[in-house]
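Overview (structure and organization)
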2 protein chains.
Amino acid sequence: MPPTRDGLIVGVVGATGMVGRELLALLERRKFPVRELRPFSSGRTAASVIFHGRRISAPAVNAAALSSCDLAFLVSSDEVARTLAPRLAESGVWTIDDSAAFRMDPRVPLVIPEVNPGALRRDARLIAGPNCTMTGLAVAASRLHREIGVRAVRVASYQAVSGAGRSALEELLSQSRALAKTRPDPDGRAPRLPAGIGRALPRAIAFNAVPQVGRIGKDGCSGEENKVRDELRRVLSAPRLPVSATAVRVPTIRGHALAAWLTLARPLSRARALAVLRRTPGLSVQDGDEYPTPRSAGGTDIVGAARVRIGANPREIALWIVSDNLLKGAALNSTQIAEELLRRGWLPSR
Amino acid sequence: MPPTRDGLIVGVVGATGMVGRELLALLERRKFPVRELRPFSSGRTAASVIFHGRRISAPAVNAAALSSCDLAFLVSSDEVARTLAPRLAESGVWTIDDSAAFRMDPRVPLVIPEVNPGALRRDARLIAGPNCTMTGLAVAASRLHREIGVRAVRVASYQAVSGAGRSALEELLSQSRALAKTRPDPDGRAPRLPAGIGRALPRAIAFNAVPQVGRIGKDGCSGEENKVRDELRRVLSAPRLPVSATAVRVPTIRGHALAAWLTLARPLSRARALAVLRRTPGLSVQDGDEYPTPRSAGGTDIVGAARVRIGANPREIALWIVSDNLLKGAALNSTQIAEELLRRGWLPSR
């Protein structure tokens, strides 16, 4: 659906970033009713985007132009969100923020539409979307939690480099090109990287696995690990749920993968666990030697689960989860929130 | 030490493979007393190796030439080990087998010298070395198990491609070269791989994470996951220890990494856990934002642990472990077993 007279005025802050481009493509593909698109680049430099085949300039953020939108997507930094989001919401703009700035604010619903649509409130015009690593886990755990009860979660992540932004992705690709040129020793000694490449990530990422996403605190946990714990508790309405995460960046391009263990309130057979997972909204389940990988599920809307097994005790299941960090972990979830607001009739044009 | 009159006659089956080359380099570097080296290629084709600067031909396996060795290292397939190892041991040759063929045979000690040297017996001339994924975990858990008691283990692996052999490594490198040539989309869509490359591993491995190592059984567990469980139980003398593993291949060259959770018999502070780990034989411990990665620990003798945190409950610690799959996971462990036999005086020349 091209821009329509009946549609909404939609602002997008961060429209030129990786998530922003995905968001515009989703609004097109899912025929979201946009009367006018107002894209803004995340900050310093103006740029442009393509929407329904038309090039639209994306200037630096303009609060006045945003405050007359019906709906604003913020797919930008925490700092930009902190400045803009409360003012927009107060001025009546439905504001869906994908940053971490408001996710733990009790006044702001943190929403995955398949998991906790009930958290949306007509009077809460600022809505947060969750951390990209936690999203697939929450989708996979949601029905098990509702039907059986999840009592503890352990999760190790295999996080794609695009989750750290475009400069990190460039780092992976330039390092990989440099390494692919130097023919590696057939006995598997890693070729040396040219010095001085690598700024966006804490270690060289090509042919590596780096167990640090975010800053590591005094308790030994990284920022990402804390987000996974705190946001999962919030989305599942389980404020004291024990959650232990180990967040690791791996040299994949798109698609965060997770090895998770869910301890349940009671024992569950593998067959029954598979049955509950197959009934879980938004989850695509495989078994045996069929499973999603970052290469197969990256770039798709799917949250995929597979490798379902009994875990360390009969009350526990182990599983593998993959979802695209830029889509379900970010742009798709934000779009789905907007679609849910539309469905409820809370999103009229003003 | 060059070959010496006082040394041993040492056979190596699989000398031309990836682990075999590492083993020869270790015997040189660690000055293992070799009077005569008898290297054999793993099978079909003859080849040669370099040892102490001399080229030595490595013919197909010759059982007669092996049975007059003092010591034989088998770094070859399960099939070759099944045929050769029992006969060699019966004929009096100390035989250290790195394959999976005898690891669960109750008559054959399964030994990591830092962990369970007491399993070595003077009358058990066939000795097995453990699975490369389990080795670092066993080293890291050993002293915690002895001092506090390990009651459950959950582990997700980040396994290097060299662990699947040279053809798998060639697959990773050729795929990476192909992908590095096609300039990927700046928005992170993975470039398409040329069709038909990829035989040694179940999925394309470049820029991917593949949750399958070995065959997946009816209970949903893979061969590698079963090995980790069974062999860890055996090495820790904990036959009913609950162990749940998720084994994942990642596009790293050398160095298996693990995200592990160890549930203990009683609560332990992070500081005390670090103290016990720092006293653990064979383990190198880091903290804060210092940690080993496959690129830093691959190619070294180190078993590194870091990112130590309280896990999902106060009786649990989470940690990150890296060790080289070809060294501590294979050739180094076999060499250390031979050194322990020497130290005990069980390895005289015949």
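Note: the structure precedes this text.
Quick caveat, the model's predicted, so the values are computed rather than measured.

Enumeration over the complete set of coordinates arrives at 0 disulfides over all chains. B:Cys132 takes part in no disulfide bond, and the closest cysteine sulfur, belonging to B:Cys221, lies 18 Å away.

What follows is about the pairing of strand S8 (residues 150–158) of chain B. All names here are of chain B. Most of S8 sits out of view: 8 of its 9 residues are buried. Pairing geometry for S8 and strand S10 (residues 256–264), over 8 bridges, is antiparallel. In the sheet register, Arg 154 faces S10, and the bridge partner there is Trp 261.

Residue and element names in this part refer to chain B. Its identity is not glycine, yet Ser 237 carries a phi of approximately 50 degrees, on the positive side. Along the chain, Ser 237 turns up in the loop between helix H6 (223–235) and strand S9 (243–246). Note on Ser 237: relative accessible area 62%, which makes it exposed. With a phi angle near 50 degrees, Arg 307 is a residue other than glycine that sits in the positive phi range.

With that settled, consider the packing of aromatic side chains. In total, this model carries 6 aromatic pairs over all chains according to the counting rule given. Ring plane angle 20 degrees and centroid distance 6.0 Å describe the contact between A:Trp94 and A:Trp346, whose orientation is recorded as stacked. Here A:Trp94, found in strand S6 (residues 94–97), pairs with A:Trp346, found in the segment after helix H9 (327–343); they are 252 residues apart in sequence, far enough to count as distant. For the pair A:Trp94 and A:Trp346, one class covers both residues: buried. Judged by centre distance (4.1 Å) and plane angle (20 degrees), the rings of A:Tyr158 and B:Tyr158 are stacked. Residue A:Tyr158 is found in strand S8 (residues 150–158), and its partner B:Tyr158 is found in strand S8; the two belong to separate chains. The class for A:Tyr158 is buried, based on a relative accessible area of 0%. Three or more aromatic residues joined by ring pairs make a cluster, and in this case those are A:Tyr158, A:Trp320, B:Tyr158 and B:Trp320. Between A:Arg344 and the ring centre of A:Trp346, over which it is positioned, the NZ or CZ distance is 4.9 Å.

All names here are of chain A. The strand order across the open sheet formed by 6 strands is S9-S8-S10-S13-S12-S11, and the pairing between neighbours is mixed. Each edge of the open sheet is held by one strand with a lone partner, namely strand S9 (243–246) and strand S11 (283–285). Strand-to-strand twist across the sheet, computed as the mean angle between neighbouring axes with direction ignored, equals 25 degrees. Relative to S9, S8 runs parallel, the two sharing 4 bridges. Bridged to Arg 154 within S9 is Ser 244.

Conventions we followed
Residues numbered from 1 in each chain as written. Chains lettered and ligands numbered in written order. Predicted model: local features only at pLDDT ≥ 70, side-chain atom pairs only at ≥ 80, totals over all residues. Heavy atoms only, no water. Disulfide = S-S within 2.5 Å. Buried < 20%, exposed > 50% of the residue type's maximum accessible area, 1.4 Å probe, protein only. Helix = DSSP H or I, 4+ residues; strand = E, 2+ residues; numbered from the N terminus. Pairing = 2+ DSSP bridges. Phe/Tyr/Trp six-rings, centres within 6.5 Å; stacked < 30°, edge-to-face > 60°. Lys NZ or Arg CZ within 6 Å of the ring centre and 35° of its normal. Axes fitted to C-alpha atoms, helices over the stretch in contact; angles between N-to-C directions.

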